[in-house]
Amino acid sequence: MSREFNVVIEQDEDGYFVASVPALRGCHTQAKSLDVLMKRIKGAIVLCL
């Protein structure tokens, strides 16, 4: 079964990318690159579910 979630991505003042999933309370992560960020947020979603 496949589920889709909206992910909000912002860049902080230190250059890190920060991703959060508004539909899943407390589901967020950060990384220096977008490639790593996407892998991390997918893992965070799995953990939050």
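Up top is the structure.
These notes cover the structure that comes with them. The residue numbering used here restarts from 1 in each chain and proceeds along that chain's sequence as written. Side-chain atom pairs in this predicted model are given and counted only at pLDDT of 80 or more, local residue features only at pLDDT of at least 70, and totals for whole chains, interfaces and linings cover all residues. As a rule here, side-chain values come from all non-hydrogen atoms in the structure, and water together with hydrogens is ignored.

**A short note on the overall build of the protein**
Here is step 1 of the chain: A count of helical and extended segments in the protein gives one helix and three strands.
Here is step 2 of the chain: Mapped from its N terminus to its C terminus, the protein presents α and β elements in the order β-β-β-α.
Here is step 3 of the chain: Overall size of the protein, expressed as C-alpha extent along the three principal axes, is 35 × 20 × 15 Å.
Here is step 4 of the chain: Only protein chains enter the area calculation, which uses a 1.4 Å probe; residues under 20% of their type maximum are buried, those over 50% are exposed, and those in between are partly exposed. Going through the 49 residues of the protein one by one, you find that 22% of them count as buried.
Here is step 5 of the chain: By definition, residues are in contact when any of their heavy atoms lie within 4.5 Å. Expressed as a percentage of contacts within the protein between residues at least 6 apart in sequence, the contacts between residues at least 24 apart total 15%.
Here is step 6 of the chain: If you sum the accessible surface of the protein, you get close to 4,000 Å²; carbon and sulfur atoms cover 50% of it.
Here is step 7 of the chain: Two residue types count as positive, namely Lys and Arg, and two as negative, namely Asp and Glu; His and chain ends fall outside the count. Positions of charges follow a simple convention, taking NZ of Lys, CZ of Arg, CG of Asp or CD of Glu. Counting 6 positive and 6 negative side-chain charges, the protein places the averaged centre of each group 10 Å from the other. Strands are runs of DSSP state E lasting at least 2 residues, helices are runs of H or I lasting at least 4, and numbering of each runs from the N terminus. A 1.4 Å probe and the Shrake-Rupley method give the accessible areas. Residues count as covered only by the protein chains that appear here.

**Quick word on the sheet that holds strand β1 (residues 8–11)**
Here is step 1 of the chain: Think of it this way: DSSP has to see at least two bridges between two strands before they count as a pair. One open sheet holds the three strands; their spatial order is β1-β2-β3, and the pairing between them is antiparallel. Each edge of the open sheet is held by one strand with a lone partner, namely β1 and β3 (28–31). Adjacent strand axes in the sheet meet at a mean angle of 20° when their direction is disregarded.
Here is step 2 of the chain: Pairing of strand β2 (residues 17–20) with β3, which is carried by four bridges, proceeds in the antiparallel orientation. Axes here mean lines fitted to C-alpha atoms, for a helix over just the part in contact, with angles spanning 0 to 180 degrees between N-to-C directions.

**Observations regarding the nonpolar core**
Here is step 1 of the chain: We define a nonpolar core as any set of buried Ala, Val, Leu, Ile, Met, Phe, Trp, Tyr and Cys residues linked to one another through side-chain atoms lying within 4.5 Å. Judged by nonpolar contacts, F17, A19, V21, L24, C27, A31, L37, I41, A44 and I45 together constitute the single largest core of 10 residues.
Here is step 2 of the chain: When residues of this core are traced back to their parent elements, those giving at least two are β2 and α1 (34–48).
Here is step 3 of the chain: Other than its neighbours up to four places away in sequence, A31 contacts Y16, F17, V36, L37 and R40.

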